[in-house]
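Tertiary structure, described
Letter by letter, the chains look like this.
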Amino acid sequence: EQDIPEDDPRNPAVIADLVGDNVGDCAGQCADTFESIAAEIMSAMILGGSLATAANLQGDEAVGFVVFPLGVHCLDLLSSTIGCMLVKTKRGMPGEAGYGEPEDPLSIMKRCFLV
């Protein structure tokens, strides 16, 4: 304690605390997103099973109603992967000779969305 206030950025413990908070927030956000998507898929599967039962469907027809949400989300993953691979960015790193003006990250994400 060298007379540095508790929340002063010169205090290494403050920096470590802020980094830990940021990592925790990011992990929590991803966990919430995963939980929401998983709940959505499971509820759609339950709804499909209920519809198949109400329609007195048997065998493969009933399975199709339950498995359809999984197939849709598999296509989501495939199309997102292809879209991200098709988007090109500048070669090199900002600050290198000949790199030019850094590209706006939002414009890169918009290109990916358009693909």
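Cut-off values and rules
- Residue numbers run consecutively from 1 along every chain, following the written order of its sequence.
- Where totals are concerned, whole chains, interfaces and linings use all residues; where local detail is concerned, this predicted model gives features only for residues with pLDDT of at least 70, and gives and counts side-chain atom pairs only at 80 or more.
- Computation of side-chain values: all heavy atoms of the structure, hydrogens and water removed.
- Secondary structure elements follow DSSP: runs of H or I no shorter than four residues count as helices, runs of E no shorter than two count as strands, and numbering proceeds from the N terminus.
- We compute the radius of gyration from the C-alpha atoms alone; for a globule the expected value is 2.2 Å times N to the 0.38, where N is the number of residues.
- Burial classes follow relative accessibility: with a 1.4 Å probe on protein chains only, a residue under 20% of its type's maximum area counts as buried, one over 50% as exposed, and anything between as partly exposed.
- The contact definition used throughout considers only heavy atoms, calling two residues in contact when any of these lie within 4.5 Å.
- To be clear on the numbers: accessible area is Shrake-Rupley with a 1.4 Å probe, and residue cover counts the displayed protein chains and nothing else.
- Cysteine sulfur pairs qualify as disulfides if the two atoms are within 2.5 Å.
- Confidence scores here are pLDDT values: one per residue, from the predictor, ranging 0 to 100.
- A fitted line through C-alpha atoms represents every axis, and for helices the fit uses only the stretch in contact; the resulting angles, taken between N-to-C directions, go from 0 to 180 degrees.
- The scheme is simple: roughly parallel for angles under 35 degrees, roughly antiparallel for over 145, roughly perpendicular for 65 to 115, oblique for anything else.
- Left-handed describes a crossing in which the near helix is turned anticlockwise from the far one by less than a right angle; the clockwise case is right-handed.
- Classification used: nonpolar for Ala, Val, Leu, Ile, Met, Phe, Trp, Tyr, Cys and Pro, charged for Asp, Glu, Lys and Arg, polar for all others including Gly.

So, about the overall build of the chain. Of regular secondary structure, the chain possesses three helices and zero strands. The linear arrangement of helices and strands in the chain, starting from the amino end, is α-α-α. Computed over C-alpha atoms, the radius of gyration of the chain comes to 24 Å, more than 25% over the 13 Å expected from 2.2 N^0.38 for 115 residues, which places it beyond the range of a compact globule. C-alpha extents for the chain along the principal axes are approximately 75 × 45 × 15 Å. Scored against the burial criterion, the 115 residues of the chain give a buried share of 10%. Taking the intrachain contacts of the chain between residues at least 6 apart in sequence as the baseline, contacts between residues at least 24 apart amount to 35%. Element-wise, carbon and sulfur atoms account for 65% of the exposed surface of the chain, whose accessible area totals about 9500 Å².

Let us now look at the state of the cysteines. Applying the stated criterion across every chain, the model contains zero disulfides. In this structure Cys 26 is not part of a disulfide, and its nearest cysteine sulfur, from Cys 30, lies 6.8 Å away. Free of any disulfide, Cys 74 has its nearest cysteine sulfur in Cys 84, 17 Å distant.

Of all residues in the chain, 97% have pLDDT values of 70 or greater, and the mean over the chain is 84. Taken element by element, the chain is modelled with least confidence in helix H3 (residues 105-114), mean pLDDT 80, and with most confidence in helix H2 (residues 60-86), mean pLDDT 88.

Moving on, we come to the packing of helix H1 (residues 12-54) against H2. Contact geometry for H1 and H2: axes closest at 7 Å, N-to-C directions at 160°. For the element pair H1 / H2, the angle class is roughly antiparallel. Relative to H2, the crossing made by H1 is right-handed. Facing Ile 37, Glu 40, Ile 41, Ala 44, Met 45, Gly 48, Gly 49, Leu 51 and Ala 52 of H1, the residues of H2 in contact are Ala 62, Phe 65, Val 66, Pro 69, Leu 70 and His 73. Partitioned by chemical class, the residues of the contact of H1 with H2 number 11 nonpolar, three polar and one charged.

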